Amino acid sequence: MKLTCPRDSLLNAINIVSKAVSSKTTLPILECLLLTADDNGFRLTANDMELAIESAGIDADVDENGKVALEARFFSDIIRKVDGDEVSISTDDKNMTTISCGKSEFKISGQNGDEFPPIPKVEKTEKFVIGQNDLRNLIRQTIFSISQDESKPVLTGELVEIEGDMIDLVSVDGYRISYKKTELFQSAGSGRVIVPGKSLGEIAKILSQDENEKAVIYFTDNHIMFDINGNIVVSRLIEGEFIKYQQSFTNEYKTSARIDRLKMLDSLERASIISRDSRKIPVKLEISGDNIVITANAETGAVYEEVSAEVDGDKLLIAFNPRYLIDALRAIDDEEVYMHFNTSLSPCVFKPVEGDDYKYLVLPLRM
């Protein structure tokens with residue numbers, strides 16, 4: 001391999017693909033980035049066997065084709081630290097790699113690129129197109145309630161469900177449910193898969209906030225692929241049946257409160273200062289009249305907060321882990337939101353004042 005490329009373009013590719021470099025592995029090559037130069041150009045690849053990313057083509061002058069696997073942290077540190085606009089990379093037949101930039105030159109030992117695990121192939125038969133910012137928001141507004149319990153692998157991922165021109169993301173951790181949907185620009189039918197939360201978290205970091213940028217999604221039985229501005233991201237899927245989350249929601253409520261989201265959020269965050277051990281010291285919500293009274297009592301102190309609300313229905317006293325309420329309110333972008341209740345032992349459900357593009361369910365704690 002022998003080539004020259006702009007340092008900025010190479011750094012951008014490194015930042016993207018490094019999200020799929022394995023940090024805990026018994027296979028040293030998974031700690032590497034694969035550099036490939038061929039008739040299709042120059043690109044980088046990383047693969048931790050759960051998530052694989054191949055960069056879009058890097059603008060480069062390729063004199064000799066080839067491939068080499070270089071230790072990711074070592075290689076990226078070099079490219080970040082050198083001073084110069086152009087990077088020259090060349091390898092010999094023993095994978096010794098020379099990297100030159102400005103007045104700096106490094107020689108580092110590489111591994112045979114043919115031994116690097118290939119990205120799983122995903123047939124591009126059914127194509128789904130979504131706004132990158134829309135997908136980024138879907139992930140941001142649901143990923144916080146995936147489970148960390150590895151004994152329940154299905155709940156460590158998110159359900160991605162496509163029906164017609166709508167896409168839903170759903171996460172469940174046993175104490176709460178987060179649901180968000182948005183419209184696709186192009187749909188090829190339907191699909192229902194479970195994507196690891198770790199993969200979605202890394203994908204969200206690549207997605208643009210530009211409202212005009214699009215991402216393309218493809219499915220197989222075992223993998224999901226995202227084409228993000230030419231960067232190819234492939235994640236394995238989680239096998240199993242996702243929880244029937246729809247059964248947890250109802251449209252009949254005994255108490256409803258329309259609240260200012262930010263005021264409620266601020267009050268809960270202040271109350272959580274007292275309720276630091278939120279599993280043992282919940283916040284209590286007393287809902288009646290035209291306000292919600294929030295209290296928490298601990299050995300170290302107590303807190304009292306009042307939040308104005310348009311309350312409809314029965315008076316209610318209910319307790320929660322404040323962190324779960326705070327997470328839901330942070331995920332919502334609306335200025336106002338409904339909180340729906342039935343009894344002191346049944347869930348609170350957040351819903352929009354208008355429309356149905358999200359809903360968040362939080363289980364209460366026994367007082």
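Definitions and cut-offs
Residues numbered from 1 in each chain as written. Predicted model: local features only at pLDDT ≥ 70, side-chain atom pairs only at ≥ 80, totals over all residues. Heavy atoms only, no water. Pairing = 2+ DSSP bridges. Helix = DSSP H or I, 4+ residues; strand = E, 2+ residues; numbered from the N terminus. Axes fitted to C-alpha atoms, helices over the stretch in contact; angles between N-to-C directions. Left-handed = near helix turned anticlockwise from the far one by under 90°. Contact = heavy atoms within 4.5 Å. Nonpolar A, V, L, I, M, F, W, Y, C, P; charged D, E, K, R; others polar. Buried < 20%, exposed > 50% of the residue type's maximum accessible area, 1.4 Å probe, protein only. Polar contact = N/O pair within 3.5 Å; in protein donor to acceptor, adjacent residues only side chain to side chain. Salt bridge = Lys/Arg side-chain N within 4 Å of Asp/Glu carboxyl O. Phe/Tyr/Trp six-rings, centres within 6.5 Å; stacked < 30°, edge-to-face > 60°. Lys NZ or Arg CZ within 6 Å of the ring centre and 35° of its normal.

Draft legend 1. The arrangement of the sheet that holds strand β18 (residues 231-236) in detail. Sheet architecture is open: nine strands sit in the order β10-β6-β2-β3-β4-β18-β17-β16-β11, paired in antiparallel fashion. At either end of the open sheet lies a strand with only one pairing partner, and these are β10 (111-112) and β11 (128-131). Strand direction decides the pairing type here: strand β17 (residues 223-228) and β18, joined by six bridges, are antiparallel. Along β18, the bridge assignment pairs M225 with V234.

Draft legend 2. Focus on the packing of helix α3 (residues 132-140) against helix α4 (residues 197-206). Two elements in contact, α3 and α4, have axes separated by 9 Å at closest approach and are oriented at 140 degrees. The two elements α3 and α4 meet at a crossing, and its hand is left-handed. Contact with α3, carried on its side by Q132, R136 and I139, involves L200, I203, A204 and I206 of α4 and no other residues of that element. Across the contact of α3 with α4, the residue classes tally to five nonpolar, one polar and one charged.

Draft legend 3. Region of interest: the side chain of H340. Structurally, the position occupied by H340 is in strand β24 (residues 336-341). The exposure class of H340 is buried, given its relative accessible area of 10%. Of note is the side chain of H340, whose polar atom sits 2.7 Å from the side chain of S256. Residues contacting H340, with those up to four places away along its chain left out, are Y253, T255, S256, P347, C348, V349 and K351.

Draft legend 4. Main features of the sheet that holds strand β1 (residues 2-6). Pairing is antiparallel across the open sheet formed by five strands, whose spatial order is β5-β1-β7-β8-β9. Of all strands in the sheet, those bounded by a partner on one side alone are β5 (61-64) and β9 (104-109). Ignoring strand direction, the axes of neighbouring strands in this sheet form an average angle of 15 degrees. Across three bridges, the pairing between β1 and β5 is antiparallel.

Draft legend 5. Examining the environment of K24 more closely. One can find K24 in the loop between α1 (7-17) and β2 (32-38). K24 gets classed as exposed once you look at its relative accessible area, which sits at 79%.

Draft legend 6. Expanded view of unusual backbone geometry. Backbone geometry at N95 places phi at a positive 70 degrees, although glycine is not the residue there. The topology assignment puts N95 in the loop between β7 (86-91) and β8 (96-101). The class for N95 is buried, based on a relative accessible area of 18%. In this structure, N229 takes a positive phi of about 55 degrees despite not being glycine. Locating N229 in the fold gives a position in the loop between β17 and β18.

Draft legend 7. Layout of the pairing of strand β26 (residues 358-362). The element β26 is extensively covered by neighbouring structure, given that four of its five residues are classed as buried. Where strand β14 (residues 176-183) and β26 come together, five bridges link them in antiparallel fashion. Paired with K180 across the two strands is Y358, which belongs to β26.

Draft legend 8. Broad picture of the side chain of N231. Note on placement: N231 falls in strand β18. A polar contact is formed between the side chain of N231 and the backbone nitrogen of A56, at a distance of 2.8 Å. Setting aside anything within four residues of it in sequence, one finds N231 in contact with I16, E54, S55, A56 and F226.

Draft legend 9. Representation of the pattern of salt bridges in the model. For the structure on display, the rule yields 16 salt bridges. Overlapping salt bridges bring together D38, R43 and E54 as one network.

Draft legend 10. Molecular detail of the packing of aromatic side chains. Overall, the coordinates contain five aromatic pairs when judged by the stated rule. Cluster of aromatic residues (ring-pair linked, three or more members): F144, Y358 and Y360. Seen from the ring of F185, K214 lies directly overhead, with NZ or CZ sitting 4.3 Å from the centre. If you follow K359 out to its NZ or CZ, it ends over the ring of Y179, 5.1 Å from the centre.

Draft legend 11. Geometry of the environment of I177. The residue I177 is located in strand β14 in this model. Here the alpha-carbon distance between I177 and I146, two residues 31 residues apart in the chain, equals 8.6 Å. Sequence-distant contacts of I177, that is, excluding residues within four places in its chain, are made with S145, V170, S171, V172, Y245, S248, F249, K359, Y360 and L361.

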